[in-house]
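# Structural overview for review
Next come the chains, spelled out residue by residue.
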Amino acid sequence: MILKSLRTYFNNALLGYYPETEIESFFHLLSERILKLKRIDISQSLYAVVSGKKYDKFEKAIDRLKKYEPIQYILGDTEFYGLIIKVNPSVLIPRPETEELVDWIIKDCKDKKSISILDIGTGSGCIAIALSKNLPNASIVALDVSSDALKIAKQNAIDNEVEIEFVEADILDWDSTNMQFDVIVSNPPYVRELEKQMMSANVLDHEPHLALFVEDDDALLFYRKITDVAANILKPNGQLYFEINENLGESTKELLTEKSFNEIELKRDFFEKDRMIKAIKS
Ligand SMILES: C[S@@+](CC[C@H](N)C(=O)[O-])C[C@H]1O[C@@H](n2cnc3c(N)ncnc32)[C@H](O)[C@@H]1O
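Our focus in this paragraph is the site of the ligand. In the vicinity of the ligand, 22 residues are found, and the nearest of them are Gly121, Asp144, Asp170, Ile171 and Asn187. At 2.8 Å from a nitrogen atom of the ligand is found a main-chain nitrogen or oxygen belonging to Gly121. At a separation of 2.7 Å, a nitrogen atom of the ligand approaches a polar side-chain atom of Asp170. Its free accessible area being 590 Å², the ligand has 96% of it covered by the protein chains. Of all elements in the fold, only helix H7 (126-134), strand E4 (138-144) and helix H10 (209-212) reach the threshold of two or more residues within the shell around the ligand. For the shell around the ligand, the class distribution of residues is 14 nonpolar, six polar and two charged.

Below is the structure:
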C-alpha cells in the first residue's frame, strides 16, 4: 500500500472515534515512529510504498486507538520537560501541569549548592528525573508503592543518565527513615470517585487507578499523611511541594496551615486552575 492510501484508510478507520485533527496528529506521531518520517516529509512521500510489516503496525495501532488506549502507551513513551520518558499502563502518563510544578521547584532551587529531594509517588519517575537533570547538585530519592511503576522509573533514570535512589514503600504506612531532605515533592492520587464521570475513557479505562483515585470522603488522605511525614523528615525551612486537585486548593491550604507549615503559596496552572502548592516547614 502507498502512504497516501494508508493515510486515507487510517482516517476513515478512526472517524467517529476521535476528532479529525486528533486523528491527523496520531497519524503523524505513528508515521514518525514507524516510518521514521517527520511531519513535513509526509506530503513529499505520499507515493512511497509502506511494507506489510509496517502496515501491520498501523493496523495494530488502529485497534488500540479504537479501544481509546492513550497514544503514549501505544508509542511506549512521551515527552516530559524536554525528556523522553517511557510509559506503560502501570504508570500515569506525565501531564503538562506536572511540568509546571517541576519548573517551579527548579526555579526555586537552581542556585543551591547541594540539595536533597524526596519524590513521593514517583510513577514513571518523571518528576525525579527532570529535577535530577536540571539540578545537578541534587541527590534524589524517589518512592512508589508499585513495583511495576518502579521498574519503568528505573529504566527511565538509566535512559536519561541520572542517578536516583528508588524505594518501594507504601507512604500511608511509612513511619521511619533516618534521612532528612531539603525538599519533598509529591503528585499523589487526588481524583475523587465523584469526579470519575468527568473523565474520558482513555484515562478511566487505561491509566492505573492506583495512581489516580481517592475516596470521596477522604480526598486529602495522601496530603495529610505526606505532610505529617514531611514535618518529621524535612530539614528546618525545608520546602514541601504538591500537585493538587483543582477543586481542593483551599482545603489543602487549610491542612498545611493546621500542620504548622508557613509561607503557603497556592499556584494556578496554564489553564488558570489551582494546581500546585508550596509550603515551608517552620
Ligand atoms: C498521580 S500518580 C503521579 C506519578 C508521577 N509522579 C507523575 O507526576 O506523573 C501517583 C503515584 O503514587 C503512587 N502511589 C499510590 N498509592 C501510593 C502509596 N500508598 N504509597 C506510595 N505511592 C503510592 C502510584 O503508584 C502513582 O505512581
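Examined against the element boundaries, Glu207 turns out to sit in the loop between helix H9 (201-204) and H10. A polar atom in the side chain of Glu207 sits 2.7 Å from the side chain of Arg95.

Below, the discussion takes up the domain arrangement of the protein. Once the domains are mapped, the protein shows domain 1 (3-66) and domain 2 (90-281). Taking only C-alpha atoms into account, the centre of domain 1 sits 36 Å from that of domain 2.

Reading across from one edge, E5-E4-E3-E6-E9-E11-E10 is the order of the seven strands in this open sheet, with mixed pairing throughout. Unpaired on one side and paired on the other, strand E5 (165-168) and strand E10 (261-268) mark the two borders of the sheet. If you compare each strand with its neighbour and ignore which way they point, the axes differ by 15 degrees on average. Two elements, strand E9 (residues 234-243) and strand E11 (residues 274-281), share five bridges in a ladder whose sense is antiparallel. Its bridge partner being in E11, Phe242 is matched across the sheet by Ile277. Packed on one face of the sheet, helix H6 (residues 96-109) meets strand E3 (115-120), strand E6 (181-186), E9, E10 and E11 and runs near 155 degrees to E9. Across the sheet, helix H11 (residues 221-233) touches E3, E6, E9, E10 and E11, and the angle it forms with E9 is around 160 degrees.

Definitions and limits used
- Residues numbered from 1 in each chain as written.
- Predicted model: local features only at pLDDT ≥ 70, side-chain atom pairs only at ≥ 80, totals over all residues.
- Heavy atoms only, no water.
- Near = heavy atom within 4 Å.
- Polar contact = N/O pair within 3.5 Å; in protein donor to acceptor, adjacent residues only side chain to side chain.
- Areas by Shrake-Rupley, 256 points an atom, 1.4 Å probe, with all protein chains shown as cover.
- Helix = DSSP H or I, 4+ residues; strand = E, 2+ residues; numbered from the N terminus.
- Nonpolar A, V, L, I, M, F, W, Y, C, P; charged D, E, K, R; others polar.
- Domains from an automatic or database assignment.
- Pairing = 2+ DSSP bridges.
- Axes fitted to C-alpha atoms, helices over the stretch in contact; angles between N-to-C directions.
- Contact = heavy atoms within 4.5 Å.

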